[in-house]
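Chain by chain, the residues:
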Amino acid sequence: MAMHASQPLRVPVGSDAGRWSTFHGEKTLVVAARTVTSTVRVLECLPALLRGDARVTVVFAHDPTSAFHDGVLDLLHDTGCRVIPWEQVSHADPDLILTASENIDVPDGHCPVLVLPHGIGFQKQVPDARAPGDRLSGVVPDSLLESGRAWLAISHPGQEEQLLSSHPKAAGRTLLVGDPCYDELLVSADRAGAFRRALGVPGTHRLVVLSSTWGPTSLFGQDPGLAARVLAALPYDEFRVAAIVHPNVWSGHGSWQIRNLLAPALEAGLMLIPHIHAWRSALVAADVVVGDHGSVTLYGAALGKPVLLGAFGSESVPGTAMAALGRAAPRLDAHDDVHGQIVSALAEQRPERFATVAEGAFHQPGLALPRLRTALYDLLGLSQPVSAAPPEWFLAEPVETGAKATAWTVTTTGLPKDGPDAVTVRRQPAAVWREADDPGEDETAGRFRHLACDEREPDRRLLESASVLLCGAPVRSAAAGVRWIGETLDRLPGCRLAAGGGLAGRRRRSGGAAGRADRGGRHDRAGAGSRSARGGRLRAAAGRRSVGRHHGDRAGRRACRGRGAPAAFTPARRPVRLSAPLPRHPAGSPPTSRSRSSCARGLPPAS
């Protein structure tokens, strides 16, 4: 539920605040909160600047005039901030107004206003809230510059030159600080592996991060279906994909709209990163960034990540570090071989590739917080605390987000000339599989496909059409595994093979009967025995290994060996031993192939 700051505060500011306050500060700092993006930028650096100093009373003032004000009050209240309505700012008698939004309507007064960047410098043109045209992002109105109250924090000396060329009234009103956000990213840069593990990315996988700023020329504004196509193009057993979406998109369109547009990608395993703080650790975790003209993409390039530009808007300002990135980074052609382009970017990346771009954006990294604290206390008229420099905190580990894929289109390729044990298996999430993009089955090329599902797959159509079913939870014993296999084959006539608990059961070619269930790795007498299943027998076979272990999202990552066991679950390029041919489906048919139509009538699939 949205919060409201309609009532003036009495504590810790107000006409009689002294009667009610526990802490009595010497100075009052008002943080102007206008958008989620700008508010988060202040919240991320202010604790380190004022740490342990009781001389400064801090309140947040909500300016509701932005088109992207939604979510600001929720953020402030969730963080535990005291919030005053904008009309109370002048009555609070602030000693300093701090903001990362250059577009606030500063009330009359004499206190200085310190404006932090909420991105990287003055990189693009944005719509002007006060006029029908555009304006340079990051620059305060000329009236505030003329008053002599405004101070603009910059991250590079070149930004001052840029400002003076377009806004001469900014002369003498800049403070060279650096970029606190970039410094935080650098501190945690060597934790990329730990952050990937925290996100649930398997150790052998690469993490592709899609970064979209806001507006029609952004990555997702230009192509809302890009995430689904990237997931469809990348082998599931080699890559994971995450998306960072600008807070203005969340504020302007709402989480429901975003999740609805990205629904196919989310069902295929897309990790939609929370937009408040978590994007920083997700960016550190990235192996490759697919982005646009937004600051997150430039941060990724400055960290030495491979970068592909899936979009790049014309609103990028010439002569800036962002414009330089637009010239240096290769483009992603989303309608070509996406997998090949990403693999090439990973192979060809050199850590120093974008070094010149980073040098043009960030001056003397690592000094932003000390410089900013000096500026803050100078403007407050206080001496700095006699203590060590502001702490350099590591970013918090990200939290695993998103649902795992539970249905896969499995393509197997193997020819006699490759050897009897050589089969290439590639899994793609079924939620984003498109027949138009699939080369189809080709018996002469030894290429076949089928549908495999975890039993927890929520789409009934996919579950009932799957040729292979995987047990979603560990089984307590071999006997329980045998029972689950038999029940699954009975319940789902379209299923040809069920696997779980180290066991796999295959339907007899005669139709409704279950074939054999083989124990992976060793003989387990507790699993021996038989049961009737529509005229067939389900047996636990001893001796030879037939199926590797399958658990959750790792289902089928080990080779399947033994008579008639299809190699549905082995990652690409791993050898698989087969003693019977794979199930074949008619060329050009969807991966559910022959089981789909028969399942729709409640009949077993053709054999």
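So, here is what we can say about the structure in this document. Computed from a predicted model, the values in this text were never measured in an experiment.

The rules behind the values
- Residues numbered from 1 in each chain as written.
- Predicted model: local features only at pLDDT ≥ 70, side-chain atom pairs only at ≥ 80, totals over all residues.
- Heavy atoms only, no water.
- Helix = DSSP H or I, 4+ residues; strand = E, 2+ residues; numbered from the N terminus.
- Buried < 20%, exposed > 50% of the residue type's maximum accessible area, 1.4 Å probe, protein only.
- Lys, Arg positive; Asp, Glu negative; His and termini not counted.
- Salt bridge = Lys/Arg side-chain N within 4 Å of Asp/Glu carboxyl O.
- Polar contact = N/O pair within 3.5 Å; in protein donor to acceptor, adjacent residues only side chain to side chain.
- Contact = heavy atoms within 4.5 Å.
- Pairing = 2+ DSSP bridges.
- Right-handed = clockwise from strand over helix to strand, strands pointing away.
- Axes fitted to C-alpha atoms, helices over the stretch in contact; angles between N-to-C directions.
- 1 Å grid on protein atoms, 1.4 Å probe; cavity = no way out; pocket = protein on both sides within 12 Å on 5 of 7 lines; lining within 4 Å.
- Points joined across faces, edges and corners; volume = space filled by probe spheres on them.

**As for the side chain of K305**
Next, step 1: By secondary structure assignment, the location of K305 is in the loop between α13 (295–302) and β14 (307–309).
Next, step 2: We note that K305 is buried and unpaired, the nearest opposite charge coming from D287 at a distance of 6.4 Å.
Next, step 3: At 2.8 Å, the side chain of K305 forms a polar contact with the backbone oxygen of A286.
Next, step 4: Leave out the neighbours within four places in its chain, and K305 touches A192, L283, V284, A285, A286, V289, G300, Q349 and F354.

**A look at the pairing of strand β2 (residues 56–62)**
Next, step 1: In terms of residue burial, β2 counts as a mostly covered element, since six of its seven residues are buried.
Next, step 2: Across seven bridges, the pairing between strand β1 (residues 27–33) and β2 is parallel. Paired with L29 across the bridge in β2 is V58.
Next, step 3: One crossover worth recording links β1 to the parallel β2 by way of helix α2 (residues 36–49), and it is right-handed.
Next, step 4: Pairing of β2 with strand β3 (residues 83–85) involves three bridges; the strand directions are parallel. Opposite H62, over in β3, you have P85 as the bridge partner.
Next, step 5: What joins β2 to β3 is helix α3 (residues 72–79), and the crossover it makes is right-handed.

**Quick look at the sheet that holds β1**
Next, step 1: Within the open sheet, the seven strands sit side by side as β3-β2-β1-β4-β5-β8-β9. Their pairing is parallel. Sheet topology places β3 and β9 (174–176) at the edges, where each strand pairs with a single neighbour. Averaged over neighbouring strand pairs, the angle between their axes works out to 30 degrees when direction is ignored.
Next, step 2: Strand direction decides the pairing type here: β1 and strand β4 (residues 96–99), joined by four bridges, are parallel. In the strand pairing of β4, V30 is matched with I97.
Next, step 3: Where α2 meets the sheet, it contacts β1, β2 and β4, and its direction lies at approximately 145 degrees from that of β1.

**Examining the sheet that holds strand β13 (residues 288–291)**
Next, step 1: Taking strand neighbours across the sheet as the criterion, the five strands line up as β12-β11-β10-β13-β14 in an open arrangement whose pairing is parallel. In this open sheet, the two edge strands, each paired with only one partner strand, are β12 (271–272) and β14.
Next, step 2: In this structure, β13 lies alongside β14, joined through three bridges in parallel fashion. Within β14, the residue paired with G291 across the bridge is L309.

**A few points about empty space enclosed by the protein**
Next, step 1: Taken as a whole and assessed by the stated rule, the structure comprises four cavities of 30 Å³ or more.
Next, step 2: Of the volumes computed, that of the largest cavity is approximately 90 Å³.
Next, step 3: Around the largest cavity, the lining residues are L199, G200, V201, Y236, R240, G269, M271, E400, T401, G402, A403 and K404.

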